[in-house]
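Residue-level structure breakdown
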Amino acid sequence: MPLADSPLITLCVVVYLAGCFGIGVWAMRRTRTSSDFFLAGKSLGPLVVVIATISSVMSGFGFVGGPGLVYQSGSSSLWMVFVATFSLPLAFLLVGKRLRLLTEARDVLTIPDAVAARYGGRWPSLMMGLAIVLGVLGYLGTQIMAVGMVLRAVLGIDLIPALTLGLGVLAFYSIAGGIVAGVYTDLFQGILMLFASVAVLLQCLKIGGGMTAISQTLWDMDPEYIGPWGTHGAVTSISWLLLFGVGAVGQPHAITKMMMLKDIRHMKWSALATGAAYLTLAMLWMSIGLTMRALVARNAHPALEDPDLAAPLFLLHYTPELLAGLVFAGLLAAIMSTADSFLNLGAAAVVRDIPTALRGAPLKNELYWSRAATGALLVLSAFFALYMENLIALLGTFGWGTFASAIVPSVAIGMNWKRATGAGCVSSIATSIVLNFSLEFSARHDIYALPHGIAVGAVSLLAATAVFIGVSLLTPEETPADDIDALIAL
Amino acid sequence: MNGNRLPAACAVLSVAGLAVGLAGRSLLFGWCAIILIALLAALGFGKRLSRLAAAAIICFGSVFCLLIYLSHDLHAPDGPLIPFAGFPPGTAVLVYAIGPLGLLLGLLYALAFDTEILPEETLKVFLDRFGPRK
């Protein structure tokens with residue numbers, strides 16, 4: 001990543017880090033129980049939930065990888081991001097009220113808790129805990145490397161000191177304040193990201209000479225690039241529509257936020273608001289990639305060595321310093337907001353979900369061990385990211401698809417369908433882990449690639465859904481507990 | 001309404017989607033994906049799905065299928081660019097129609113919340129039976 005070499009940009013980032021630190025101190029005083037640590041004591045208002053949901057879903061991938069994908073392949077990746085307008089409302093529709101009400105009826109703090117309540121037995125929640133730990137490790141590794149790269153570029157320091165600084169702040173507010181700190185830093189971050197997206201869109205239109213001029217340049221370069229499917233083609237684009245459109249319902253860092261709402265009636269407008277807010281964030285994803293590619297095609301900017309440099313280079317060369325500073329802070333914010341959500345999910349899986357599935361009860365002094373597990377996960381992920389780069393890259397691509405194909409069938413369909421069984425749940429999660437891992441691994445090592453560029457995660461999602469429903473219908477009917485039965489019937 | 005029919009239809013659509021996707025039939029793959037999304041939305045409404053909400057979901061799915069077809073059909077890479085609001089026509093369908101169309105699902109959720117998603121009386125009965133202190 002290029003060096004920013006600007007005191008104003010450095011100041012914006014330092015102010016942001018100090019803000020996170022302050023929120024951590026404030027949140028620490030509000031975190032007294034494991035319910036506070038994992039679900040913010042179910043005390044959040046709708047604005048916090050909406051903004052925290054979109055900022056944790058957007059992540060560093062949205063602010064760096066998204067513009068990079070557009071720069072590289074044109075419109076293809078827009079099918080990932082524009083579908084969020086219905087995917088997040090679909091998540092509210094399928095799981096929102098049921099997960100939130102489940103927290104009233106039972107001591108449910110996590111997705112594996114919800115799976116245990118829905119299906120009983122130890123295997124469904126154990127498998128779900130395992131899927132979450134695997135996905136979290138990969139996601140965390142990629143986010144941690146991104147934190148290091150951004151701070152290195154902004155502060156002009158080596159990777160290790162940059163990582164130490166960034167992870168130090170992240171560790172402090174995640175360990176001390178749990179998800180309370182996470183969601184309030186998400187709120188701060190999300191507002192920054194929304195502002196940055198609109199400002200960057202306007203700046204892109206100004207620099208590129210308007211959307212028609214940008215499109216004309218790109219059409220002259222390659223009509224497929226700016227066509228509706230981009231250079232990856234229609235099958236890949238549609239598979240992304242499916243994976244991101246339906247798969248968002250299965251992202252634990254998004255749907256657990258719905259369990260934190262203080263009043264379930266606030267869900268009424270939250271579904272629409274998350275879709276609209278995400279559509280606003282999509283403007284940055286689209287505009288930077290297209291504008292940078294048009295500038296390169298006009299020979300107004302040298303070709304990029306790495307597509308992921310599209311966003312940082314645009315900010316450094318074509319935006320006012322203050323806007324660049326705010327967007328760099330927003331970029332760091334996006335990465336850290338996702339990282340803190342995953343730290344919390346990973347800690348819950350290690351301290352609560354897996355021990356409960358194996359021993360029948362969570363660990364004693366759960367809050368203490370949750371804080372310890374958060375720190376340990378951060379150190380472990382940093383170690384993996386620094387020294388096991390290939391494993392992290394594999395797990396990073398594996399994350400979204402695994403969550404989607406493990407959680408959509410067993411939670412999103414299972415919470416709405418009385419006939420769903422534990423065997424269906426276990427089979428679909430196993431299908432999800434095995435298919436995602438084996439297909440990603442074989443594609444990375446040139447052993448086998450799916451035809452027509454269809455996304456691995458989309459294939460896994462469809463297969464896991466069919467397996468879940470098929471196995472449920474073929475296994476003996478199970479009678480859910482009264483509260484679960486009432487919840488499904490709601 | 002939920003019985004086994006909607007989940008069974010989701011399973012059939014998933015298998016069909018896999019088959020047409022792996023065969024490279026992009027338009028059919030898109031339609032399978034959209035019908036699956038519409039079925040999941042209907043599943044989320046549960047037994048209180050009204051005819052009006054069902055009609056709205058069918059409209060959402062039908063318009064979405066039509067827009068996917070238009071994205072295919074309007075893309076003419078061999079001719080000159082004839083932009084619509086700054087984009088080639090097929091891309092404009094994605095940016096100006098498919099993106100905002102999704103918001104209708106959020107709007108439907110809000111409009112149906114008090115009557116079909118979570119009527120106040122239903123919430124009260126559930127909390128009285130299973131809520132805290134019970």
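The helix and strand tally for chain A stands at 20 helices and zero strands. The C-alpha atoms of chain A give a radius of gyration of 22 Å, which matches the 23 Å a tight globule of 490 residues would have. Seen along its three principal axes, the alpha-carbon backbone of chain A occupies a region of about 65 × 50 × 45 Å. A buried classification covers 67% of the 490 residues belonging to chain A. Long-range pairs, those at least 24 residues apart, make up 85% of the contacts in chain A between residues at least 6 apart in sequence.

This paragraph deals with the interface of chain B and chain A. On the side of chain A, 61 residues touch chain B, which itself brings 58 residues to the contact. Contributions of two or more residues to the side of chain B that touches chain A are made by helix H1 (5-22), helix H2 (26-45), helix H4 (89-117) and helix H5 (120-130) of chain B. With 16 residues, H4 of chain B is the largest single contributor of residues to the side of chain B that touches chain A. Split by residue class, the side of chain B that touches chain A holds 36 nonpolar, 20 polar and two charged.

Further remarks concern the packing of helix H7 (residues 123-155) of chain A against helix H16 (residues 366-387) of chain A. All names here are of chain A. At a minimum axis separation of 8 Å, H7 and H16 run at an interaxial angle of 70°. Viewed along their axes, H7 and H16 adopt a mutual orientation that is roughly perpendicular. Contact residues: H7 offers Leu137, Leu140, Gly141, Ile144 and Met145, while H16 offers Leu377, Ser381, Ala382, Phe384 and Ala385. Split by residue class, the contact of H7 with H16 holds eight nonpolar, two polar and no charged.

A few words on the confidence of the model for chain B. For any part of a model where pLDDT is low, the fine detail of the predicted coordinates should not be relied upon. Mean pLDDT for chain B: 93, with 97% of residues reaching 70 or above. What the predictor reports for the complex is a pTM of 0.91 with an ipTM of 0.95.

Next up on the list: unusual backbone geometry. In the Ramachandran plot, His452 of chain A falls in the positive-phi region, its phi being about 60° despite a non-glycine side chain. As for its position among the elements, His452 of chain A is in the loop between helix H18 (422-444) and helix H19 (456-474). You will see that Ala85 of chain B, though not glycine, has its phi angle at about 50°, which is positive.

For the rest of this paragraph, the subject is the packing of helix H11 (residues 234-245) of chain A against H2 of chain B. At a minimum axis distance of 9 Å, the contact between H11 of chain A and H2 of chain B shows a crossing angle of 10°. Classified by the angle between their axes, H11 of chain A and H2 of chain B sit roughly parallel to one another. Only Ser26, Phe29, Gly30, Ala33 and Ile37 of chain B of H2 of chain B make contact with H11 of chain A, whose side of the interface consists of Ala234, Val235, Ile238, Leu241, Leu242 and Gly245 of chain A.

Calculation rules
- Residues numbered from 1 in each chain as written.
- Chains lettered and ligands numbered in written order.
- Predicted model: local features only at pLDDT ≥ 70, side-chain atom pairs only at ≥ 80, totals over all residues.
- Helix = DSSP H or I, 4+ residues; strand = E, 2+ residues; numbered from the N terminus.
- Rg over C-alpha atoms; globule rule 2.2 N^0.38 Å.
- Buried ≥ 20, exposed ≤ 12 C-beta atoms within 10 Å, placed from the backbone.
- Contact = placed C-beta atoms within 7 Å.
- Nonpolar A, V, L, I, M, F, W, Y, C, P; charged D, E, K, R; others polar.
- Axes fitted to C-alpha atoms, helices over the stretch in contact; angles between N-to-C directions.
- Parallel < 35°, antiparallel > 145°, perpendicular 65-115°, else oblique.
- pLDDT = per-residue confidence, 0-100.

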